[in-house]
Number of protein chains: 2
Amino acid sequence: MEISPEIHNKLVQIVGSSYVFLDQETRNHYGHDETEDYVFPPHVVVKPANAFEISEIMKLANEYKIPVTPIGGRTGLSGGALSIHKGIGLSTERLNKILEIDERNLQVTTEPAVITQVLREAVAEKNLFYPPDPSSQGSCWIGGNVAENAGGARAVKYGVTKDYVLNLEVVLPSGEIIWTGANTLKNSTGYNLTQLMVGSEGTLGIITKIVMKLLPKNSNNVLMLVPFYKANEACEAVSAIFRAGIIPSALEFMERDAIDWTLQFVEGLNVQVPDAIQAHLLIEVDGNYPDILFQEAEKIMNVVEQFQIDEVLFADTEDQKNALWKMRRSVAEAVKANSIYKEEDTVVPRYELPKLLTGIKQIGNKYGFKSVCYGHAGDGNLHVNIIKGDMTDENWNTEVTKGIREIFELTVSLKGTLSGEHGIGFVQKNYMDIAFSKVQLQLMKGIKSIFDPNGILNPGKIFPDS
Amino acid sequence: MEISPEIHNKLVQIVGSSYVFLDQETRNHYGHDETEDYVFPPHVVVKPANAFEISEIMKLANEYKIPVTPIGGRTGLSGGALSIHKGIGLSTERLNKILEIDERNLQVTTEPAVITQVLREAVAEKNLFYPPDPSSQGSCWIGGNVAENAGGARAVKYGVTKDYVLNLEVVLPSGEIIWTGANTLKNSTGYNLTQLMVGSEGTLGIITKIVMKLLPKNSNNVLMLVPFYKANEACEAVSAIFRAGIIPSALEFMERDAIDWTLQFVEGLNVQVPDAIQAHLLIEVDGNYPDILFQEAEKIMNVVEQFQIDEVLFADTEDQKNALWKMRRSVAEAVKANSIYKEEDTVVPRYELPKLLTGIKQIGNKYGFKSVCYGHAGDGNLHVNIIKGDMTDENWNTEVTKGIREIFELTVSLKGTLSGEHGIGFVQKNYMDIAFSKVQLQLMKGIKSIFDPNGILNPGKIFPDS
């Protein structure tokens, strides 16, 4: 069903004619995110100004059973913002203000369409610290981070988005506006609607305000890049570091190809990689006391030297640190520039990483695909980029699907799961049966039906088609 | 409805005759916890051996619509384990094993009926750290901690129970046995059933296995007791400490009476309190590096010296530390020994503590009751013990109820809520309308009905009567 003139008029009445778009260009623009090469344009794009307008839109959509897809920064990797069932594409872009940085309580209240890095820098100016830092922090929005429960490099020490969200203002599919909890660090008052909303990928409500806790900013860090001759040993070193009693503030893994492609893609990164190196760990420790950080770096050296490594690079200047982080954060883009690819977001208990990596390569061999692996190894969170290269479309659609299924079966057998931080969205939903039984999926569908009895909010996501 | 011979026989078939109890003494014993002086005995007490037996019991209960109340360590303060609607009292006491301490992944898998302190000591032997430490840690069970989302003194730095739970095996009211998630540090795979279960007070399922993350154990701490001439200034100092960039590992507040009563109740505590002191803060910093801890303690001294304080006591020995912690942990028992009381578990953003404390005293004056306040001030979590003393039963039941309602209205107006760590259970449920609108309560009831369509699991809890 296209949007009728009647519905169009009603949308114009709610948000004003400047904020309703029917043209193909705008619809296409809002019909894609960073997920592969998918484009699913909505019938109409609307840009409400606030929760009240969103509420009116939801009431209208409910009355006429029109699908509504909440659209944020469109940097997602699981297709959560794609208007699979067309209908209304609801961009939250006008809800883009940091409402209050509360220094007395170490909290921030923000609207969803604030770029994560902008938020991090705004609180840093007040000597406060918002730790979650997805690789896309320069473009992703905090609302999307909450919707997908985004992680990032610092999650290994500081936790993911969910660990900072205290309270949410949400427009329910019915149009009702609620707060999910309270602005408190502890809360044992009824069911945890806040944590149910975090990571629900825009299927239970539209987030319009976010209250998050902050930490005092710490002032120092040490960053080191450790080259390993064997990729598996890099993975083994990960849990060895924790077992030595150290909690790094970042512990990132990059396969050889990830680095090579990135060095070609990003200009001016002055990193030399000897031929025989198979993988790197990028390791950071942070805190307020430089002496202690050097002691911890030394402990880490003692651990990694038990493996076959080349010379460790310590980033001595801010420029060097920025270059190493830019390298790490550019891997996904570099791979994307190189080939069509599918990105899986596997996660396992961290000791199982070597088994996971070995298994992924074996599965790739079996089904004829190459993969580039990297990610937040300290969390057991390995991004698997499956490269199309010169594979035929047929094999890309059949063999790779079988291979991905086997990869996920492997992660689940290792007590892991499908997604660590990207969400299930559109592209992973038909693998959900691997992680969950019918009973579990029925519970989740039941919860969805309580929030959204007409199934109008972000349909076609999370739940398998059959 | 009493338990019929037919049901009794079926229960005996499931768990064996040694584990089904109809005698009044056993039923009374399992009919109370630490909540005021309430006793609600079930019709029958059963002690299943494992999840499979619990599953069979739930199927039977569902078929015959018999209420089932899960019973843990019975140390709860909100009446969650009371068999309000009689029926089956299901004690999990035989599920009492720590199943695996996984040193490679820094995780522990445990059954619910393990005493929290036993669990903490077991992992400490492997040099690992399970931070949550409710004051009742010597007697409460980890399963109950998960059910109520228990906190404790260390939550201020390390978070509460929910921050450690990765995955739960749960018997649903239907008898189905599920895992709620995966054994991973990050998880963006479907709705967060794990966090929905944590803090749901035994109303959504019966927890039979718990997978929790652990930290490396740290080796040192500094503990100091700071006497304040004004209780409000003690509260003000709390947020000032955080604003100075310090995250203490404990920051506890005790009103004068709390200390006096405890010193009378617990023998051998060698603490002298000058007459004019109105309150104390008990402050701990922890870490691996003693020099750093002394620096941090000095920073804290700089903050607290801006207020009117008496001489600060530094605990020099383990014995002194244990004595101070024993004093703090014994407050609730000391108050209980002194008078019948009601304990409220208010929580607000920490900067609002002075307003909360002042407001509580004003409300007490208005309705004619005395209160003793203490708690986890670093989290904004203030326990309010309302003392019956020589109040008439009539005033105890009418005036105090009105006063509690005003206290909760105050907490909510300060962006706080009803319970920080004790749960709502039986005794707070009729105040839920203060924290939640009908819309929010309907969502929660809807979730309950998805898990428990017949409403047989722990009925009479969380949701208001009307």
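Residues numbered from 1 in each chain as written. Chains lettered and ligands numbered in written order. Predicted model: local features only at pLDDT ≥ 70, side-chain atom pairs only at ≥ 80, totals over all residues. Heavy atoms only, no water.

## Points about the overall build of chain A
Of regular secondary structure, chain A possesses 16 helices and 18 strands. At 22 Å, chain A has a C-alpha radius of gyration in line with the 23 Å of a compact globule built from 466 residues. Taken over the C-alpha atoms alone, chain A extends approximately 70 × 60 × 45 Å along its principal axes. Per element, the accessible surface of chain A, about 16800 Å² overall, is 47% carbon and sulfur. Between the centroid of the 43 positive side chains of chain A and the centroid of its 59 negative side chains there is a distance of 5 Å. (Helix = DSSP H or I, 4+ residues; strand = E, 2+ residues; numbered from the N terminus. Rg over C-alpha atoms; globule rule 2.2 N^0.38 Å. Areas by Shrake-Rupley, 256 points an atom, 1.4 Å probe, with all protein chains shown as cover. Lys, Arg positive; Asp, Glu negative; His and termini not counted. Charge placed at Lys NZ, Arg CZ, Asp CG, Glu CD.)

## Focus: the interface of chain A and chain B
In this complex, chain A contributes 84 residues to the contact, which on the side of chain B involves 84 residues. Roughly 6600 Å² is buried in total at the junction of chain A and chain B, and carbon and sulfur atoms are behind 63% of that figure. Scanning the region where chain A abuts chain B turns up four salt bridges. On the surface where chain A and chain B come into contact, there are 27 residue pairs in polar contact (both at pLDDT 80 or more). Put simply, the parts of the chain that give the side of chain A that touches chain B at least two residues each are β9 (177–179), α7 (193–197), β11 (215–216), α8 (231–243), α10 (290–304), α15 (432–435) and α16 (438–451) of chain A. Among the elements that line the side of chain A that touches chain B, the one with the most residues is α16(A), at ten residues. (Contact = heavy atoms within 4.5 Å. Buried area = accessible area lost by both parts, 1.4 Å probe. Salt bridge = Lys/Arg side-chain N within 4 Å of Asp/Glu carboxyl O. Polar contact = N/O pair within 3.5 Å; in protein donor to acceptor, adjacent residues only side chain to side chain.)

## Concerning the relation of the copies chain A and chain B
Mapping chain A onto chain B calls for a rotation angle of 180 degrees and an axial translation of 0.0 Å; the resulting RMSD is 0.0 Å. Overall, the copies show the geometry of a two-fold rotation axis. Of all interface residues in chain A, 100% are interface residues in chain B too; the two copies therefore contact each other through one and the same surface. (Least-squares fit on C-alpha atoms with pLDDT ≥ 70 in both.)

## With respect to the sheet that holds strand β2 (residues 44–46) of chain B
Within a sheet, each strand pairs with its neighbour through backbone hydrogen bonds, oriented either parallel or antiparallel. All names here are of chain B. One open sheet accounts for four strands, arranged β1-β2-β4-β3; its pairing is mixed. Strands with a single pairing partner mark the edges of an open sheet, and in this sheet they are β1 (20–21) and β3 (68–71). Pairing geometry for β3 and strand β4 (residues 88–91), over four bridges, is parallel. Within β4, the position partnered with T69 by the bridge is G89. (Pairing = 2+ DSSP bridges.)

## A short note on the UniProt feature "domain: FAD-binding PCMH-type" (unreviewed entry) in chain A
According to UniProt, the positions carrying the feature "domain: FAD-binding PCMH-type" (unreviewed entry) are residues 38–217 of chain A. Here residues 38–217 of chain A runs as 22% helix and 23% strand, with 39 Å between its end C-alpha atoms. (UniProt positions renumbered as here; feature names shortened; annotations may be inferred.)

## So, the pattern of salt bridges
All names here are of chain A. Under the definition given, this model contains 52 salt bridges over all chains. E284 is the salt-bridge partner of R154, the closest N and O atoms lying 2.7 Å from each other. Of this pair, R154 sits in the loop between α5 (142–148) and α6 (155–158) while E284 is found in strand β14 (residues 279–287), placing the two residues 130 residues apart along the sequence. Summarising the burial analysis for this pair, R154 and E284 share the class buried. (Buried < 20%, exposed > 50% of the residue type's maximum accessible area, 1.4 Å probe, protein only.)

## What to know about the nonpolar core
Judged by nonpolar contacts, the single largest core of 182 residues is most densely connected at F253(A), V304(A), F451(A), F253(B), V304(B) and F451(B). The contact partners of V304(B), leaving out residues within four places of it in the chain, are V226(B), F228(B), A237(B), I241(B), I283(B) and I309(B). (Core = buried A, V, L, I, M, F, W, Y, C linked by side-chain atoms within 4.5 Å.)

## Some remarks on the packing of aromatic side chains
For the coordinates displayed, the defined rule picks out 16 aromatic pairs over all chains. Their ring planes at 85 degrees and their centres at 5.0 Å tell us that F129(A) and Y158(A) sit as a pair that is edge-to-face. On the criterion of sequence distance, the pair formed by F129(A) in strand β7 (residues 128–129) and Y158(A) in helix α6 is long-range, its members being 29 residues apart. Accessibility assignment for this pair places F129(A) and Y158(A) in one class, buried. On the numbers, 5.8 Å between centres and 80 degrees between planes, the contact of Y130(B) with Y164(B) is edge-to-face. A residue pair is termed long-range when its members are at least 10 positions apart, and Y130(B) in the loop between β7 (128–129) and α5 (142–148) and Y164(B) in the loop between α6 (155–158) and β8 (165–171) qualify at 34 residues. Each residue in the set Y38(A), F40(A) and F426(A) is aromatic and connected to the rest through ring pairs, giving one cluster. A cation over an aromatic ring shows up here: K213(A) above the ring of Y164(A), its NZ or CZ 5.5 Å from the ring centre. Across from the ring centre of Y30(B), 5.3 Å away, lies the NZ or CZ of R74(B), which sits over that ring. (Phe/Tyr/Trp six-rings, centres within 6.5 Å; stacked < 30°, edge-to-face > 60°. Lys NZ or Arg CZ within 6 Å of the ring centre and 35° of its normal.)

## Comments concerning the domain arrangement of chain A
With domains assigned, chain A is organised as domain 1 (5–91), domain 2 (98–216), domain 3 (220–332) and domain 4 (339–435). Each of domain 1 of chain A and domain 3 of chain A has a C-alpha centre, and these two points are 42 Å apart. (Domains from an automatic or database assignment.)

## Re helix α9 (residues 256–265) of chain A
Side chains that are three or four residues apart share a direction in an α-helix, a result of its 3.6 residues per turn. Listed in full, the buried residues belonging to α9(A) are R256(A), A258(A), I259(A), W261(A) and T262(A). In the core, the buried residues of α9(A) are packed alongside β13 (250–255), β14, α11 (318–329), α12 (331–338), β17 (370–376) and β18 (381–387) of chain A.

## Brief notes about the pairing of β8(B)
Residue and element names in this part refer to chain B. Along β8, seven of the seven residues are buried, which leaves the element largely enclosed by surrounding structure. Where β8 lies against strand β10 (residues 206–213), six bridges are found, and the strand directions are antiparallel. Within the sheet, the bridge partner assigned to L168 lies in β10 and is I210. Bridge analysis of β8 against strand β9 (residues 177–179) gives three bridges, and the strand direction is antiparallel. Pairing of V171 across the sheet is with I177, part of β9. The loop that links β8 with its antiparallel partner β9 comprises five residues; one of these, G175, has a positive phi angle of about 100 degrees.

## Thoughts on unusual backbone geometry
The residue N458(A) is not glycine, and still its phi comes out positive at about 50 degrees. Position of N458(A) among the secondary structure elements: in the segment after α16. We note that K415(B) has phi near 65 degrees; this positive angle belongs to a residue other than glycine. Structurally, K415(B) is set in the loop between α14 (393–413) and α15 (432–435).

## Looking at the sheet that holds β8(B)
All names here are of chain B. Spatially, five strands are ordered β5-β6-β10-β8-β9 in an open sheet, and the strand pairing comes out antiparallel. One side of each edge strand has no neighbouring strand; the edge strands of this open sheet are β5 (98–102) and β9. On average, adjacent strands in this sheet sit at an angle of 10 degrees to one another, irrespective of strand direction. Sitting on the sheet, helix α4 (residues 116–125) touches β5, β6 (107–110) and β10, and the angle it makes with β5 is about 35 degrees. (Axes fitted to C-alpha atoms, helices over the stretch in contact; angles between N-to-C directions.)

## What about the pairing of strand β5 (residues 98–102) of chain A?
As judged from the four bridges shared by β5(A) and strand β6 (residues 107–110) of chain A, these two strands associate in the antiparallel manner. When the bridges of β6(A) are listed, D102(A) appears paired with Q107(A).

## Re the packing of α8(A) against α10(A)
Residue and element names in this part refer to chain A. For the pair α8 and α10, the least separation of the axes is 9 Å and the interaxial angle reads 135 degrees. Between α8 and α10, the angle falls in the class oblique. Classified by chirality, the crossing of α10 by α8 is right-handed. Judged by residue contacts, A237, A240 and I241 of α8 engage I300, V303 and V304 from α10. Taken together, the residues of the contact of α8 with α10 break down into six nonpolar, no polar and no charged. (Parallel < 35°, antiparallel > 145°, perpendicular 65-115°, else oblique. Left-handed = near helix turned anticlockwise from the far one by under 90°. Nonpolar A, V, L, I, M, F, W, Y, C, P; charged D, E, K, R; others polar.)

## Regarding helix α1 (residues 5–15) of chain B
Residues and elements named next belong to chain B. When α1 is considered as a whole, its buried residues turn out to be I7, L11, I14 and V15. Angular distribution of buried residues about the axis of α1 spans 75 degrees; they occupy a single face of the element. What points out from α1, more than 90 degrees from its buried face, is the exposed set P5 and Q13. Buried residues along α1 sit against β1, β2, α3 (51–64) and β4. Of the residues one or two after α1, G16 is the one with positive phi, at around 90 degrees. (Arc of directions from axis to C-beta.)

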